Amino acid sequence: MEFGLFVALVSQLKHLTYTITSFIPYTITSMSEHIFYCNDVEKFFNLPNKVEGNTWIHEDFDTLEFQNVTFSYPNTKIPVLTNVSFTLRKNEKLAIVGENGAGKTTVIKLILGLYTPDAGVITVNNFNINELSSASRKKFFSAVFQDFYQYNLTVRENIGIGDIANMNNDSDILEAASQGNADKLIQTIGIDTHLGKIYESGTDLSFGQWQSLAISRGVFSNSKIIILDEPTAAIDPEAEAKIYHSFIKSAENKSCIMISHRLGSTRFANRILVFKDGRIIENGTHDELMVKRGHYKYMFDSQAKQYCEVKAK
C-alpha cells in the first residue's frame, strides 16, 4: 500500500469514527425530542372540538368584560394574572402596555379561548365567552400576532384570507392595505403577484412588508373586535405610529385591543391599561396618565429619552 493511500484511509477512518460516535447520541437525543412533539400533537388531536355551544344571539357587539380574572399557566404556581377587571366597549380602541411578563399577551390568549381562567369570568355581551361556540368566537375576534404566518400566495390572497367571501373586492382589499401600510407595496408589485420562494417568479418580501400584509389581513376581516399583539415589532417606530394612527382613524365601526412596547403608538387609543406583575395598576387616556406621573409616565419618558439619544447620534 502506498504511503499516500494509507494516510487517506486513516484520515477517512477517523472521520467515519467521529461521524458514528457523534451521530448516534444526536439521533437518540433528537428522537426523544420528537417523542415529546408527537405527544403534543396527539394531545392536540384529542382536544374536544367545540363546535357546539351557544351561538351568538346578538348580531352586534356591545361589551367585552373581564370580571376578577385570575390565571396561572399549567404546572406553575405563580399567577400570571390576579383579579384583573376591565371592560372593552363598542368601537373603543383599548391599548394594553407594560413590561415583559406583565400579563399582556395572556389576556389575549384568554379572550381567544386558548386558555380558560382559574377564577373569575370573561363575558361578551354578558355571555360567558367559554360557553360560546367556536363559530361565534371566530365571528367576533380576529388577531394579528408578532409571529404571524407568511402565506406563499398572491398579495390579494394574503389579505383576502381575512374574509374569503370578499376576497375579490379590490376596493376593500386596497382600503385594508392602506390601513395596514401595505398600499405602497401593492403599488410597486401589484395586487395579484405571487409571494414566496416556492415560485420561480415569486417575490420575496422583507419581514416588515410581511407584517404589513398580516395587519392588513386582520383589518380586512369582518370581525367586530381586532386584536393587535405587537404585530409591528419589526417595523420602525415612525411607520408603526403611522399604522396605528391610520387604523384607529379608519376603523370607526370596530373595537380594538392593541399591545405594543412602543408607547408612542398607544397614545392614539381611547384608553390605556397599564399592567404590572399581572395586575392593572393604571387606567386612563394618554394625557390622564401623563398627568398622574405614575408608572406609565416613567415608561413613556424613558422611551422618549432613548429615541432622542439615538437621533442625536
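Just above sits the structure.
Reading guide: rules and limits
- For every chain, the first residue of the written sequence is number 1, and numbering continues from 1 onward in sequence order.
- Residue-level local features of this predicted model are given only where pLDDT is at least 70; pairs of side-chain atoms are given and counted only at 80 or more, and the full residue set underlies all totals for whole chains, interfaces and linings.
- To get the side-chain values, take all heavy atoms of the structure and skip hydrogens and water.
- Put simply, DSSP marks the helices as runs of H or I at least four residues long and the strands as runs of E at least two long, and each gets a number from the N terminus on.
- Exposure categories follow from relative accessible area, calculated using a 1.4 Å probe and restricted to protein chains: below 20% of the type maximum is buried, above 50% is exposed, and the middle band is partly exposed.
- Note on areas: Shrake-Rupley with a 1.4 Å probe; residue coverage comes only from the protein chains shown.
- Lys and Arg are tallied as positive, Asp and Glu as negative. Neither His nor the chain termini are counted.
- To locate a charge, the coordinates of NZ of Lys, CZ of Arg, CG of Asp or CD of Glu are taken.
- A patch consists of residues exposed above 30% relative accessible area that lack any salt bridge, with like charges linked at up to 9 Å and nonpolar side chains (Val, Leu, Ile, Met, Phe, Trp, Tyr) linked at up to 5 Å.
- Salt bridge, as applied in this entry: a Lys or Arg side-chain nitrogen positioned within 4 Å of an Asp or Glu carboxyl oxygen.
- For the purposes of this section, nonpolar cores are sets of buried Ala, Val, Leu, Ile, Met, Phe, Trp, Tyr and Cys residues that join through side-chain atoms within 4.5 Å.
- Contact criterion: two residues are considered in contact whenever any of their non-hydrogen atoms come within 4.5 Å of each other.
- Strands pair, by our definition, only if DSSP identifies at least two bridges between them.
- All axes here are fitted lines through C-alpha atoms, helices being fitted over the stretch that makes contact, and every angle between N-to-C directions spans 0 to 180 degrees.
- Two rings belonging to Phe, Tyr or Trp (six-membered ring only in the last case) form a pair when the distance between their centres is within 6.5 Å. Interplanar angles under 30 degrees mark stacking, angles over 60 mark edge-to-face geometry, and anything in between is tilted.

**Q** Go over the overall build of the protein with me, naming the residues and quoting the values.
**A** When you go through the protein residue by residue, the secondary structure sums to eleven helices and ten strands. Dimensions of the protein, computed from C-alpha atoms along their principal axes, come out at roughly 85 × 50 × 50 Å. Counting across all 313 residues of the protein, residues that qualify as buried make up 41%. About 18000 Å² of surface is accessible on the protein, with carbon and sulfur atoms providing 55% of the total. A distance of 6 Å separates the average location of the 31 positive side-chain charges in the protein from that of its 35 negative side-chain charges.

**Q** Could you give me a rundown of a nonpolar patch on the surface, with the residues and numbers involved?
**A** Together, Met1, Phe3, Leu5, Phe6, Val7, Leu9 and Val10 give the surface a local cluster of nonpolar side chains, amounting to about 740 Å² of exposed area. With respect to the element layout, Met1 can be found in the segment before α1 (3-46).

**Q** Which residues make up the nonpolar core, and what are the values?
**A** Nonpolar side chains in soluble globular proteins generally cluster together in the buried interior. Judged by nonpolar contacts, the single largest core of 37 residues is most densely connected at Ile159, Leu213, Met258 and Tyr296. The leading source of residues in this core is helix α7 (residues 207-220), at six residues. Those residues in contact with Tyr296 that lie beyond four places of it in its chain are Val97, Leu263, Thr266, Ile272, Val274, Glu282, His286, Leu289 and Met290. Judged by nonpolar contacts, the second largest core, of 29 residues, contains Leu94, Leu110, Ile122 and Leu132.

**Q** For the pattern of salt bridges, give the residues involved together with the corresponding values.
**A** Scanning the model with the defined rule gives five salt bridges in all. Between Asp301 and Lys297 there is a salt bridge, with the nearest N and O atoms lying 2.6 Å from each other. Separated by four residues within a single helix, Asp301 and Lys297 lie in helix α11 (residues 295-312), roughly one turn from each other. Residue classification places Asp301 among the partly exposed residues on the basis of a relative accessible area of 33%. Taking relative accessible area as the criterion, Lys297 reaches 17% and is therefore assigned buried. Within this structure, Arg156, Asp170 and Asp192 form a network of salt bridges that share partners.

**Q** Describe in detail the sheet that holds strand β4 (residues 119-124), supporting the description with residues and values.
**A** Adjacent strands of a sheet pair through backbone hydrogen bonds, lying either parallel or antiparallel. Read across the sheet, four strands follow the order β2-β1-β4-β5 without closing on themselves; strand pairing throughout is antiparallel. In this open sheet, the two edge strands, each paired with only one partner strand, are β2 (81-89) and β5 (127-128). Those strands touched by helix α2 (residues 104-111) are β1 (63-71), β2 and β4, and its axis lies near 115 degrees from that of β1.

**Q** Mind laying out the packing of aromatic side chains, listing which residues take part and the relevant values?
**A** Enumeration according to the criterion identifies seven aromatic pairs in this entry. Both rings, one in Phe71 and one in Tyr115, keep their centres 5.3 Å apart while their planes meet at 55 degrees; by these two values the pair is tilted. With a gap of 44 residues between them, Phe71 in strand β1 and Tyr115 in the loop between α2 and β4 connect regions that are remote in the sequence. For Phe71, a relative accessible area of 2% translates into the label buried. For Tyr115, a relative accessible area of 28% corresponds to the partly exposed category. Ring centres of Tyr73 and Tyr115 lie 5.2 Å apart, and the angle between their planes is 85 degrees; on these two criteria the pair is classed as edge-to-face. Of this pair, Tyr73 sits in the loop between β1 and β2 while Tyr115 sits in the loop between α2 and β4, and the two are 42 residues apart along the sequence.

**Q** Give a description of the sheet that holds strand β10 (residues 279-284) that names residues and reports values.
**A** Pairing within the open sheet is mixed, and its six strands lie in the order β6-β7-β8-β3-β9-β10. Two strands close off the open sheet at either side, each with one partner strand: β6 (141-145) and β10. Shown here is a sheet whose adjacent strand axes are inclined to one another by a mean of 15 degrees, direction ignored. The pairing of strand β9 (residues 271-276) with β10 spans five bridges and is classified as antiparallel. Within β10, the position partnered with Leu273 by the bridge is Asn283. Contacts from α2 reach β3 (93-97), β6, β7 (225-229), β8 (255-259) and β9, with the element oriented near 145 degrees to β8. Strands β6 and β7 of the sheet are contacted by α7, whose axis makes an angle of about 175 degrees with β6.

**Q** Which residues make up the pairing of β8, and what values do they have?
**A** The buried fraction of β8 is high, at five of five residues. Along β8, one buried face is formed by Ser255, Ile257 and Ile259 and the opposite face, lined by Cys256 and Met258, is buried too. With four bridges connecting them, β3 and β8 associate as parallel partners. Among the inter-strand pairings, Ala95 is bridged to a residue of β8, identified as Met258. Bridge count for β7 against β8 is five bridges, and the pairing is parallel. When the bridges of β8 are listed, Ile225 appears paired with Ser255.

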